[in-house]
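Examining the three-dimensional arrangement
These are the residues of each chain, in order.
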Amino acid sequence: MIKEPIHDKKSCNQHIMAVHDAMYILNGRWKISIIASLCFNTLRFTDLLREVEGISGKMLSRELKNLEENQLVTRTVLNTQPVTVEYQLTEYGHTLKEVIDSLAKWGHNHRKKIAGKD
């Protein structure tokens, strides 16, 4: 008989609070998709609009501002005519790549399971 590890209530609560903190920052329909898009490339605003299907320009702007405030994304204004704005993940933002990769793997497996192809 294998014994389950014993978790004390304090460490369990701390773990749950940490998950809540992460979900608070990554909440909503769009943030994870934006971060996933930026994991691979620096993108211009219009490129992100195309990449994140269904998001409006106003919502993308709001979400990018929030990600910037949380030090996950940097915004660079280029001296071009017309003005070009690029977004990229910060070093801190790149720490979410493993989370995004895990979510993607789970999503692929879930899609196969639901389709009956697991």
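Residues numbered from 1 in each chain as written. Predicted model: local features only at pLDDT ≥ 70, side-chain atom pairs only at ≥ 80, totals over all residues. Heavy atoms only, no water.

As annotated in an unreviewed UniProt entry, the chain is Transcriptional regulator, HxlR family from Flavobacterium nitrogenifigens.

Observations concerning unusual backbone geometry
Gln-81 connects to Pro-82 through a cis peptide bond whose omega is -10°. Structurally, Pro-82 can be placed in the loop between β2 (73-78) and β3 (84-89). Positioned with a positive phi, Gln-71 is a non-glycine residue whose angle comes to about 60°. Take Gln-71: it is sitting in the loop between α4 (57-69) and β2. (Helix = DSSP H or I, 4+ residues; strand = E, 2+ residues; numbered from the N terminus.)

Observations concerning the UniProt feature "domain: HTH hxlR-type" (unreviewed entry) in the chain
Residues annotated by UniProt as "domain: HTH hxlR-type" (unreviewed entry) correspond here to residues 12-115. Secondary structure across residues 12-115 comprises 59% helix and 13% strand; the distance between its end C-alpha atoms is 34 Å. (UniProt positions renumbered as here; feature names shortened; annotations may be inferred.)

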